[in-house]
Amino acid sequence: MATGDRQLGELLRRAVSTDDPDDALRAITVLRGELDRLERDAVSCARVAGSSWSSIADALSITRQAAQKRHRGATPAPNAAPAPMRTVLVTAPARMAVRLGRQEARAMGADLVGSEHLLLGILRSGDARAVKVLEDMNVTLDDARAAAQPTLVGGQPPAEPPGKDGISSYARSVLEQSLREAVARGEGYIGVEHLLLALLREDAGGAARTLHELGIDAEVVRERLACMPRMPKS
């Protein structure tokens, strides 16, 4: 039995067999979070395999509207007691992607690094996982540069003074979201794929709007990324 299966089995045993009601409730809380994560992964893989929202809703015994509301662009469900994890490290390729995003912003004459620049940095990084998903959908660096769109909030670019680090508050929130993406996937590192997952979570972001300009559905990119096999743990 895989480690994850053993953990789920132990949580289930604690939930139904322990004599301590508080321990049972804690186990149920963690188990609920794990089941939510498994459901999100299964839905993503089903979408990549071509399943319709109607068939997914039937499998979940909910309405189509409820299935879409729960899973289309939804933030990861909070887990009150996440599984123990070592310090989450930022990989060298992810750092390089951010540095390249800064270069792209300067080349475009932007005062702040936006999510559209981070997308260009990711494409320049050559990451074997995240970039392959984009390349398989015929997204090229030159096309993305030509189609680059800014982040819009309420139909307008966010007005803010340049920060000390030159990164917009929106792009900074993306970097923070990449940590949550890594934790939600149970991975102890932030890689380029986590950056891309975070970039495409909001339709208003420059990265998602750039892909839309290229005729690419950002949600489909997220689904393909989410369905990729996890990297082996060290």
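Look above for the structure.
These numbers come from a predicted model, not from an experiment.

**Q** Describe the overall build of the protein, listing the residues and the values that go with them.
**A** Of regular secondary structure, the protein possesses 12 helices and two strands. For the protein, the N- to C-terminal ordering of α and β elements is α-α-α-α-β-α-α-α-α-α-β-α-α-α. Taken across its 234 residues, the protein has 41% of its residues classed as buried. Across the protein, every contact between residues at least 6 apart in sequence was considered, and the portion connecting residues at least 24 apart equals 64%. Summed over its atoms, the accessible surface of the protein is roughly 12,800 Å², and 54% of this surface lies on carbon and sulfur atoms.

**Q** A description of the pattern of salt bridges should follow, citing residues and the corresponding values.
**A** Pairing between side chains of opposite charge can happen when their charged atoms approach one another. Summed over all chains, the structure comprises eight salt bridges. Measuring nitrogen to oxygen at the nearest pair gives 2.8 Å for the salt bridge that ties glutamate 104 to arginine 145. Placement of glutamate 104 in helix α5 (residues 92-107) and of arginine 145 in helix α8 (residues 141-147) is noted, with a sequence separation of 41 residues between them. The class for glutamate 104 is buried, based on a relative accessible area of 3%. For aspartate 136, the salt bridge is made with lysine 132, and the minimal N-O distance between the two is 2.8 Å. Placement of both aspartate 136 and lysine 132 in helix α7 (residues 130-136) is noted, with a separation of four residues, approximately one turn of the helix. Judged by relative accessible area, which is 46%, lysine 132 ranks as partly exposed.

**Q** How would you sum up the nonpolar core? Please name residues and give values.
**A** Most often, soluble globular proteins keep nonpolar side chains buried together rather than apart. By size, the foremost hydrophobic cluster in this structure holds 36 residues, and its most contacted members are Leu196, Leu199 and Val221. Secondary structure elements with two or more residues in this core: α5, α6 (115-125), α7, α9 (169-184), α10 (192-199), α11 (206-213) and α12 (218-226). Considering each element in turn, this core owes the most residues, six residues, to α10. If you look at the next biggest cluster of nonpolar residues, it comprises five residues, including Val43, Trp53, Ala57 and Ala67.

Thresholds applied
- Residues numbered from 1 in each chain as written.
- Predicted model: local features only at pLDDT ≥ 70, side-chain atom pairs only at ≥ 80, totals over all residues.
- Heavy atoms only, no water.
- Helix = DSSP H or I, 4+ residues; strand = E, 2+ residues; numbered from the N terminus.
- Buried < 20%, exposed > 50% of the residue type's maximum accessible area, 1.4 Å probe, protein only.
- Contact = heavy atoms within 4.5 Å.
- Areas by Shrake-Rupley, 256 points an atom, 1.4 Å probe, with all protein chains shown as cover.
- Salt bridge = Lys/Arg side-chain N within 4 Å of Asp/Glu carboxyl O.
- Core = buried A, V, L, I, M, F, W, Y, C linked by side-chain atoms within 4.5 Å.

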